[in-house]
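# Reading the structure
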Amino acid sequence: MRESFSTAERSAWSTLVDAIEQLSATHSLEQVIDIVRTAARRISGADGVTFVLRDGGLCYYVDEDAIAPLWKGQRFPMSACISGWAMLNKQKAIVPDIYADARIPHDAYRPTFVKSLLMVPVGIENPIAAIGAYWADHHEPDENEVTLFESLARATATAIANVSLEASLRSAAEKASAQAAEIQRAYEQTKRDAEHRLRIEEQLHQAQKMEAVGQLTGGLAHDFNNLLAVIMGNLELLLEDQTAKGQPAKMATAALEAANRGAQLVRHLLAFSRRQPLQPEPISLNGLVTGLHALLERTLGENIAIRTHLADNLWPAIVDPSQVETALINMAVNARDAMPNGGRLTIETGNKRLDDDYIALNPEAVPGDYVMLSVSDTGSGIPPHLLQRVFEPFFTTKPIGKGTGLGLSMIYGFVKQSNGHIKIYSEVGVGTTVRVYLPRAQSVAAAAPAATPASPAPVGHGEMILVVEDRPDVRSVACRQLARLGYRVSDAADANGALRALGSIDRVDLLFTDVVLPDSMSGVDLANEARRLHPSLKVLYTSGFPDAARIGGKFSATDVLLSKPYRIDELARKLRQVLDETR
Ligand SMILES: Nc1ncnc2c1ncn2[C@@H]1O[C@H](COP(=O)(O)OP(=O)(O)OP(=O)(O)O)[C@@H](O)[C@H]1O
Ligand SMILES: [Mg+2]
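Anyway, here's the lowdown on the structure attached to this text. Being a predicted model, the structure only gives us computed values, none of them experimental.

## What about the site of ligand 1?
- For ligand 1, the set of nearby residues contains 18 residues, the closest of which are Asp377, Thr396, Thr397, Lys398 and Thr404.
- Contact between ligand 1 and aspartate 377: a nitrogen atom at 2.8 Å from a side-chain N or O atom of the residue.
- Contact with the protein chains removes 89% of the 600 Å² of surface that ligand 1 exposes when unbound.
- Looking at the shell around ligand 1, the elements that each hand over two or more residues are helix H8 (321-338) and helix H11 (407-417).
- Of all the elements, H8 adds the most residues to the shell around ligand 1, at three residues.

## Observations regarding helix H3 (residues 82-89)
- Within the sequence span of H3, burial applies to Ile82, Ser83, Gly84, Ala86 and Met87.
- Buried residues along H3 sit against strand S1 (48-55), strand S2 (58-66), strand S4 (93-95), helix H4 (106-109), strand S5 (116-122) and strand S6 (129-135).
- Positive phi shows up at lysine 90, right after H3, with a value of about 55°.

## Some remarks on the nonpolar core
- Within the largest apolar cluster, 44 residues are counted, with the highest numbers of intra-cluster contacts made by Leu285, Val324, Leu328 and Leu345.
- The residues touching leucine 328, leaving out its near neighbours within four places in the chain, are Leu288, Val289, Leu292, Leu296, Ile347, Leu373 and Val375.
- Membership of the second largest hydrophobic core comes to 32 residues, among which are Val32, Val62, Phe149 and Ala155.

## Here's the deal with the sheet that holds S6
- One open sheet accounts for six strands, arranged S3-S2-S1-S6-S5-S4; its pairing is antiparallel. Edge strands, defined here as strands with exactly one partner in the open sheet, are strand S3 (75-77) and S4. Within this sheet the neighbouring strands show an average axis-to-axis angle of 20°, counted without direction.
- Where S1 and S6 come together, six bridges link them in antiparallel fashion. Within S6, the residue paired with valine 52 across the bridge is alanine 130.
- Strand contacts of helix H2 (residues 29-44): S1, S2 and S6, with the helix running at about 145° to S1, the strand carrying the most contacts.
- Sitting on the sheet, H3 touches S1, S2, S4, S5 and S6, and the angle it makes with S5 is about 40°.

## Notes on the side chain of aspartate 63
- Within the element layout of this structure, aspartate 63 appears in strand S2.
- Each residue touching aspartate 63, except ones within four places of it in the same chain, is listed here: Ile33, Arg37, Val49, Thr50, Phe51 and Lys72.

## Observations concerning the sheet that holds strand S13 (residues 431-439)
- Strand order in the open sheet formed by five strands is S8-S10-S11-S13-S12, with mixed pairing between adjacent strands. Strands at the two margins of the open sheet, each flanked by one partner only, are strand S8 (304-309) and strand S12 (421-427). When strand polarity is set aside, the average angle formed by the axes of neighbouring strands in this sheet is 15°.
- Against the sheet, H8 engages S8, strand S10 (343-354), strand S11 (368-377) and S13, with an angle of about 30° to S11.

## Remarks on helix H16 (residues 568-580)
- Compared with an ideal rise of 1.5 Å per residue, which puts 13 residues at 18 Å, H16 spans 18 Å between its outermost C-alpha atoms and is within 8% of the ideal.
- Within the span of H16, buried status applies to Ile568, Leu571, Ala572, Leu575, Arg576, Val578 and Leu579. Around the axis of H16, the buried residues are gathered within 165° of arc, so they sit on the same side.
- Lining the buried residues of H16 we find helix H5 (143-240), strand S14 (464-468), helix H12 (472-484), strand S16 (510-514), strand S17 (538-543) and strand S18 (560-563).

## Some words on the packing of H5 against H12
- The N-to-C vectors of H5 and H12 enclose an angle of 35°; their axes lie 9 Å apart at closest approach. Two packed elements cross with a definite hand, and for H5 against H12 that hand is left-handed. Residues Asn226, Ala229, Val230, Gly233, Asn234, Glu236, Leu237 and Glu240 of H5 lie in contact with H12, whose contacting residues are Asp473, Val474, Val477, Arg480, Gln481 and Arg484.
- Partitioning the contact of H5 with H12 into residue classes produces five nonpolar, four polar and five charged.

About the cut-offs
Residues numbered from 1 in each chain as written. Chains lettered and ligands numbered in written order. Predicted model: local features only at pLDDT ≥ 70, side-chain atom pairs only at ≥ 80, totals over all residues. Heavy atoms only, no water. Near = heavy atom within 4 Å. Polar contact = N/O pair within 3.5 Å; in protein donor to acceptor, adjacent residues only side chain to side chain. Areas by Shrake-Rupley, 256 points an atom, 1.4 Å probe, with all protein chains shown as cover. Helix = DSSP H or I, 4+ residues; strand = E, 2+ residues; numbered from the N terminus. Buried < 20%, exposed > 50% of the residue type's maximum accessible area, 1.4 Å probe, protein only. Contact = heavy atoms within 4.5 Å. Core = buried A, V, L, I, M, F, W, Y, C linked by side-chain atoms within 4.5 Å. Pairing = 2+ DSSP bridges. Axes fitted to C-alpha atoms, helices over the stretch in contact; angles between N-to-C directions. Expected span 1.5 Å × (residues − 1). Arc of directions from axis to C-beta. Left-handed = near helix turned anticlockwise from the far one by under 90°. Nonpolar A, V, L, I, M, F, W, Y, C, P; charged D, E, K, R; others polar.

This is how it looks when you write it as structure tokens:
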């Protein structure tokens, strides 16, 4: 290379440097073409320049800058143009006289000003473009001109490679971020699904657990009822005995009171295990809440304000009213205990339809119309890990002697037995809401007649009663109670014994039988057989299972059941009810 540059050469080099700088900052092929076209003309000092792109097997004359139009926008087969030759042969073409060079398609040049040219491929291994310079006269570029042009071609190749790399990177990045968004969406959906499933499974698991505990407590309650029948029956007989006076009488009374409390506890257990006898009737919950208002105020004390929001046009509910009252009082007492420093209790009623959406989240509920009774407090709330357990019998967080842990379990059992639904919401430090959904009734019944005042227990007139009971202790108490009441008594330990007794005794007025008997014949089977033989025979059933019908067979509408444990008074009244009724 020469030692010094002319001004024109210096300017050409500086144009090249500028062009290289610009090319390094381009982001699109259009920009590259634009920069190269301008720079090529200035660097070469030619009368025209073209930018040619390889387009499959064609040379595409994308752009040009010339004193007169050349081939801008046209495509030629690679074999039929000098740019194609340069790209295919990966080398430059210096053509001082185009009409003396066989590589040149002379006809294409005849309409143009071009007499000489320089064509340089862009890219070394696999040229993807070419840059051409054209002169109107005979011109043979010197080494410096060729070097400049080749340098521009190299910079162009790099710029095109960068642009296409950038484009593919951009599209890869876009694709990756779209994929990431898709994965995130799928993940969130899966997470939601899993959480939903887990919630439902937990609820089902909880419901199953409650069912199992219910069965267990129900069985336990039955056994206790038999024990209590013996204890209470004997204590009552003892107390009625004229010889029991003074201290022994006091002791017997205390024992009887304790036994009564035991019986109450068993009733609560039976409520939880859904085996208490219920007397559902159509009632107005608004009326029930209003009726209890004064009692609740007294129970909750001055520090707790009671608010009621009773819905207009509330549907009647079909439910045992005394159980709803007990439930409401239990919920209010729980609320009071959760607000030792005072607060607010809100009682609300409303018509609610439990729809499929609700059922999807609460699979233990049954869709339909319900009358809702909700009790909210502003108390301590229940931590999430305990919330699941509050309906379990004997679950309590209260100190010994303060709570038995049967309040909510009773409500739970009663609501389930009434074909309703119960739900508890709680947040620590905010408060608790218990919502009870009771089935909707079609109409409200006329007001129930006022209870008749207690009258002395009616006595027997020597009627013959046949007692059938497999437990000797229970049987012997029953016999003594009946004798005390003025009846004649015979007894049997099972159905066969009873049938034999019926055959041998002159006249039996009433069969007093346990529903559950040993061997294959139940109390109901026995009664049916006995009535077949003695159509006028009266029957009174007894059982430690208040829903004995489920266990011992189907009762008829006229059958009367006395639940164990019973007071002697209750026995006396039931006996007269059955003996005095005319069929
Ligand atoms: N409104 C409430 N606010 C905070 N905790 C409550 C609420 N209601 C119930 N609980 C929690 O649930 C537990 C069980 O309640 P439940 O009514 O069954 O039994 P208890 O109140 O402890 O005893 P019982 O009602 O038999 O006297 C309570 O000990 C208490 O921890
Ligand atoms: Mg309670």
